[in-house]
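Here is how the chains run, residue by residue.
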Amino acid sequence: MASVTGEDSKKLKLYSYWRSSCSCRVRIALKLKGLDYEYIAINLLKGDQKSPEFLKLNPLGYVPVLVDGDIVVADSFAILLYLEEKYPQHPLLPKDLQKRALNYQAANLVSSYIQPVRNLPVLGYIQEKLGADEKVVWAQTQIRKGFAALEKLLENYAGKYATGNEVFLADLFLAPQIDGGVRRFNVDMNEFPLLSRIYEAYKELPAFEDAMPERQPDAPPEARA
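This report concerns the structure included in the present document.

Parameters and conventions
- Residues numbered from 1 in each chain as written.
- Predicted model: local features only at pLDDT ≥ 70, side-chain atom pairs only at ≥ 80, totals over all residues.
- Heavy atoms only, no water.
- Helix = DSSP H or I, 4+ residues; strand = E, 2+ residues; numbered from the N terminus.
- Buried < 20%, exposed > 50% of the residue type's maximum accessible area, 1.4 Å probe, protein only.
- Contact = heavy atoms within 4.5 Å.
- Areas by Shrake-Rupley, 256 points an atom, 1.4 Å probe, with all protein chains shown as cover.
- Phe/Tyr/Trp six-rings, centres within 6.5 Å; stacked < 30°, edge-to-face > 60°.
- Pairing = 2+ DSSP bridges.
- Salt bridge = Lys/Arg side-chain N within 4 Å of Asp/Glu carboxyl O.
- Axes fitted to C-alpha atoms, helices over the stretch in contact; angles between N-to-C directions.
- Polar contact = N/O pair within 3.5 Å; in protein donor to acceptor, adjacent residues only side chain to side chain.
- Expected span 1.5 Å × (residues − 1).
- Left-handed = near helix turned anticlockwise from the far one by under 90°.
- Nonpolar A, V, L, I, M, F, W, Y, C, P; charged D, E, K, R; others polar.

**Focus on the overall build of the protein chain**
Then, in step 1: Per the secondary structure count, the protein chain includes 11 helices and four strands.
Then, in step 2: Within the protein chain, the fraction of its 225 residues that count as buried is 49%.
Then, in step 3: Long-range contacts, defined as pairs at least 24 residues apart, comprise 67% of the intrachain contacts of the protein chain with a sequence gap of at least 6.
Then, in step 4: Approximately 11500 Å² of the protein chain is accessible, and the part contributed by carbon and sulfur atoms is 52%.

Structural data, given as structure tokens:
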């Protein structure tokens with residue numbers, strides 16, 4: 001990698017792919033916390049994540065990866081917790097332990113269930129074995145199952161946002177997941193009134209809107225339209 005000096009060397013670097021919901025979570029956090037960062041595009045469709053250079057940062061070959069000086073952190077959940085500890089402005093976790101646990105549960109439901117079963121490798125495998133139509137059916141089925149669980153989890157706690165009237169960790173996971181479900185897989189959100197209402201509230205927040213896939217420098221022209 002090219003060497004950098006001075007202020008550039010101190011700037012946070014985010015290795016990201018425009019359509020990655022995992023990367024989007026981190027982009028939202030960086031914007032909420034007011035942290036300036038360098039966006040380094042990793043084209044997953046072209047295989048940039050398999051390059052020896054990138055695999056030195058994350059041997060698993062996934063985005064996002066955050067570089068903060070000499071510290072390299074891969075995996076969105078780990079990155080978010082790292083940012084929360086080092087940069088406490090705009091806390092991502094509530095002080096109330098019950099709400100904090102609820103945020104962990106919602107975030108984990110997205111990151112451990114919904115997102116992994118509809119990521120690129122899984123969808124590519126299903127398309128190869130069963131065809132493109134089955135790929136979409138698979139994604140829609142898994143997303144709907146996860147959204148139904150989230151509706152039940154949050155029904156007694158949601159306010160304007162997922163766990164009340166302040167933005168916290170769960171919202172960072174929900175926003176890109178709902179956005180992807182709607183835009184990429186045409187999930188009918190009429191089944192999920194609570195998530196639909198929260199999703200509309202996110203659209204009023206600049207930090208969320210600026211982090212969305214179509215706003216990223218590596219988004220193709222057709223996605224920006």
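On we go from here.
**Topic: the environment of Pro 213**
Then, in step 1: With respect to the helices, strands and loops of the structure, Pro 213 is situated in the loop between α10 (206-211) and α11 (221-224).
Then, in step 2: Placed 34 residues apart in sequence, Pro 213 and Asp 179 show a C-alpha to C-alpha distance of 9.1 Å.
Then, in step 3: Every residue in contact with Pro 213, bar those within four places of it in the chain, is listed here: Trp 18, Arg 19, Arg 27, Asp 179 and Ala 219.

**Points about the packing of aromatic side chains**
Then, in step 1: In total, this model carries six aromatic pairs according to the counting rule given.
Then, in step 2: Their ring planes at 55° and their centres at 6.1 Å tell us that Tyr 15 and Phe 54 sit as a pair that is tilted. With a gap of 39 residues between them, Tyr 15 in strand β1 (residues 12-16) and Phe 54 in helix α3 (residues 52-55) connect regions that are remote in the sequence.
Then, in step 3: Taking relative accessible area as the criterion, Tyr 15 reaches 7% and is therefore assigned buried.
Then, in step 4: Taking 6.2 Å as the distance between ring centres and 5° as the angle between the ring planes, the aromatic pair formed by Tyr 161 and Tyr 202 counts as stacked.

**A short note on the pairing of strand β4 (residues 71-74)**
Then, in step 1: Where strand β3 (residues 65-68) lies against β4, four bridges are found, and the strand directions are antiparallel. Its bridge partner lying in β4, Val 67 is registered against Val 72.
Then, in step 2: Hairpin connection, β3 to β4: the antiparallel pair is bridged by two residues, and Gly 69 has positive phi, about 65°.

**Re the pattern of salt bridges**
Then, in step 1: Using the criterion set out here, one finds nine salt bridges in the structure.
Then, in step 2: Among the ionic pairs, Arg 183 bridges to Asp 179, the shortest N-O distance being 2.7 Å. Of this pair, Arg 183 and Asp 179 are both found in helix α8 (residues 169-183), four residues apart, which corresponds to roughly one turn of the helix.
Then, in step 3: When the shortest N-O distance is used, the salt bridge between Arg 215 and Asp 210 registers 2.9 Å.
Then, in step 4: Each of Asp 179, Arg 183 and Glu 214 takes part in a single network of salt bridges with overlapping partners.

**A few points about the sheet that holds strand β2 (residues 37-41)**
In sheet architecture, strand pairing relies on hydrogen bonds along the backbone and comes in two forms, parallel and antiparallel.
Then, in step 1: Taken together, four strands build an open sheet; the order of strands is β2-β1-β3-β4 and the sheet is mixed. Every interior strand has two partners, whereas the edge strands, β2 and β4, have only one. Pairwise comparison of adjacent strand axes, ignoring direction, gives a mean angle of 20° for this sheet.
Then, in step 2: Both β1 and β2 contribute to a ladder of five bridges, which runs parallel.

**Some points on the side chain of Ser 76**
Then, in step 1: With respect to the helices, strands and loops of the structure, Ser 76 is situated in helix α4 (residues 76-86).
Then, in step 2: With a relative accessible area of 4%, Ser 76 lands in the buried category.
Then, in step 3: Within the structure, the side chain of Ser 76 is placed 2.8 Å from the side chain of Arg 25, a separation counted as a polar contact.
Then, in step 4: Residue contacts for Ser 76: discarding those within four places in its chain leaves Cys 22, Arg 25, Val 26, Pro 64 and Phe 173.

**A short note on helix α5 (residues 97-114)**
Then, in step 1: Under the 1.5 Å per step criterion, the end-to-end length of α5 is 25 Å for 18 residues, consistent within 8% with the ideal 26 Å.
Then, in step 2: For α5, the full list of buried residues reads Leu 102, Asn 103, Ala 106, Ala 107, Leu 109, Val 110, Ser 111 and Ile 114.
Then, in step 3: Between the side-chain oxygen at the start of α5 and the backbone nitrogen of Gln 98 there is a gap of 3.1 Å, and the oxygen is on Asp 96.

**Points about the packing of α5 against α8**
The description of two helices packed together rests on the angle between their axes and the distance between the axes.
Then, in step 1: It is the contact of α5 with α8, at a shortest axis distance of 7 Å, that shows an interaxial angle of 35°. Crossing of α5 over α8 shows left-handed handedness. Here Asn 103, Tyr 104, Ala 106, Ala 107, Val 110, Ser 111 and Ile 114 of α5 come into contact with α8, specifically with Leu 169, Ala 170, Phe 173, Leu 174 and Gln 177.
Then, in step 2: Taken together, the residues of the contact of α5 with α8 sort by class into nine nonpolar, three polar and no charged.

None of this, on its own, says anything about what the molecule does.
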